[in-house]
Amino acid sequence: GQQLNQSPQSMFIQEGEDVSMNCTSSSIFNTWLWYKQDPGEGPVLLIALYKAGELTSNGRLTAQFGITRKDSFLNISASIPSDVGIYFCAGRPGSSNTGKLIFGQGTTLQVKP
Amino acid sequence: DAGITQSPRHKVTETGTPVTLRCHQTENHRYMYWYRQDPGHGLRLIHYSYGVKDTDKGEVSDGYSVSRSKTEDFLLTLESATSSQTSVYFCATGRGTNEKLFFGSGTQLSVL
């Protein structure tokens, strides 16, 4: 089936540093979503992207829908301890009419105070 | 937050027993999904529903069945649980095919 490659798999950074992570696919996606998951909870939506080239911010988070429609990027600026968690990218294939999402494997972020 | 409630939150069961997980939503979303989450695999789609009594398989549907008799409820059944079905199960809902998905808090299932 279709897969998303998310990288890096994990990051350990110092508080105040900026963070970048990305997702790539071999096929075209119509929608890219970024989620964050805290321990014991379900994923929570951070940013949704619907158009190629779209750049969207949510506070210290910025995400972009790649121009080729095969990738997406998430940046977190000036990280703080509560940014700790697992970040997932999710994409909706161009051929899909069911609304289902395909997920990357996740990026585990740890922030050292 | 789409008002999604999953029950139970935790369950331990034995191999070979039937198990049913419930997802209840209060937002009248048409689309509902069951995902499982395992280390190294992210979230993988088990089954989904695009309306009452309308369901279809996802990428890891073997050993699972679903039912949706009302808009607000989506049930996932393991007819005969196996140890490979030990996982965290998430329900998600969406308003339309190009809309955001919202997730419940998950059910931790252990099959011994």
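The structure this text deals with has already been given above.
Figured I'd write up the structure that's included with this text. Please read all numbers here as calculations on a predicted model, not as lab measurements. (Residues numbered from 1 in each chain as written. Chains lettered and ligands numbered in written order. Predicted model: local features only at pLDDT ≥ 70, side-chain atom pairs only at ≥ 80, totals over all residues. Heavy atoms only, no water.)

Considering the packing of aromatic side chains
Quick reminder of the rule: For Phe, Tyr and Trp, where Trp contributes only its six-membered ring, two rings pair if their centres lie within 6.5 Å, and the inter-plane angle classes them as stacked under 30 degrees, edge-to-face over 60, or tilted in between. Think of it this way: any DSSP run of H or I at least four residues long counts as a helix, any run of E at least two long counts as a strand, and we number them from the N terminus.
The tally for this structure, following the rule as stated, stands at twelve aromatic pairs over all chains. For the ring pair Tyr35(A) and Phe103(A), a centre distance of 5.9 Å and an interplane angle of 45° mean the geometry is tilted. Pair noted here: Tyr35(A) is in strand S4 (residues 29-37) and Phe103(A) is in strand S10 (residues 102-103), with a separation of 68 residues, a long-range link. An angle of 80° between the planes, with centres 5.8 Å apart, marks the rings of Phe103(A) and Phe103(B) as edge-to-face. Of this pair, Phe103(A) sits in strand S10 while Phe103(B) sits in strand S10 (residues 102-103), on two different chains. Through a chain of ring-to-ring contacts, three or more aromatic side chains come together here, namely Tyr35(A), Phe88(A), Phe103(A), Tyr33(B), Tyr35(B), Tyr48(B), Tyr50(B) and Phe103(B).

Here's the deal with the interface of chain B and chain A
Note the cut-off: Throughout, a residue-residue contact means that at least one pair of heavy atoms, one from each residue, lies within 4.5 Å. Simply put, the buried area is the total loss of 1.4 Å probe accessible area from both parts when two parts are fitted together. Between Lys or Arg on one side and Asp or Glu on the other, a salt bridge is scored when a side-chain nitrogen of the former is within 4 Å of a carboxyl oxygen of the latter. Under the rule applied, a polar contact is a pair of N or O atoms within 3.5 Å (in protein, one hydrogen donor and one hydrogen acceptor; residues adjacent in sequence only if both atoms are side-chain atoms).
With 19 residues of chain B at the contact, the number on the chain A side is 21 residues. Of the roughly 1700 Å² buried at the junction of chain B and chain A (both faces included), carbon and sulfur atoms supply 54%. Between chain B and chain A we count zero salt bridges in total. Where chain B touches chain A, the interface holds five residue pairs in polar contact (both at pLDDT 80 or more). For the side of chain B that touches chain A, the secondary-structure elements that each account for two or more residues are strand S4 (31-38) and strand S5 (42-51) of chain B.

A few points about the nonpolar core
All names here are of chain A. What counts is decided by this rule: Note on terminology: a nonpolar core comprises buried Ala, Val, Leu, Ile, Met, Phe, Trp, Tyr and Cys residues joined through side-chain atoms within 4.5 Å. Think of it in three bands: residues with accessible area under 20% of the maximum for their type are buried, residues over 50% are exposed, and the middle band is partly exposed, with areas taken using a 1.4 Å probe on protein chains only.
Trp34, Leu74 and Leu109 are the most contacted members of the largest nonpolar core, which has 22 residues in total. Elements with a contribution of two residues or more to this core: strand S2 (10-14), strand S3 (19-25), S4, strand S5 (44-49), strand S7 (61-65), strand S8 (71-76), strand S9 (85-93) and strand S11 (107-112). Contact partners of Leu109, with chain neighbours within four places excluded, come to Met11, Ile13, Val19, Ile76, Asp83, Val84, Gly85 and Tyr87.

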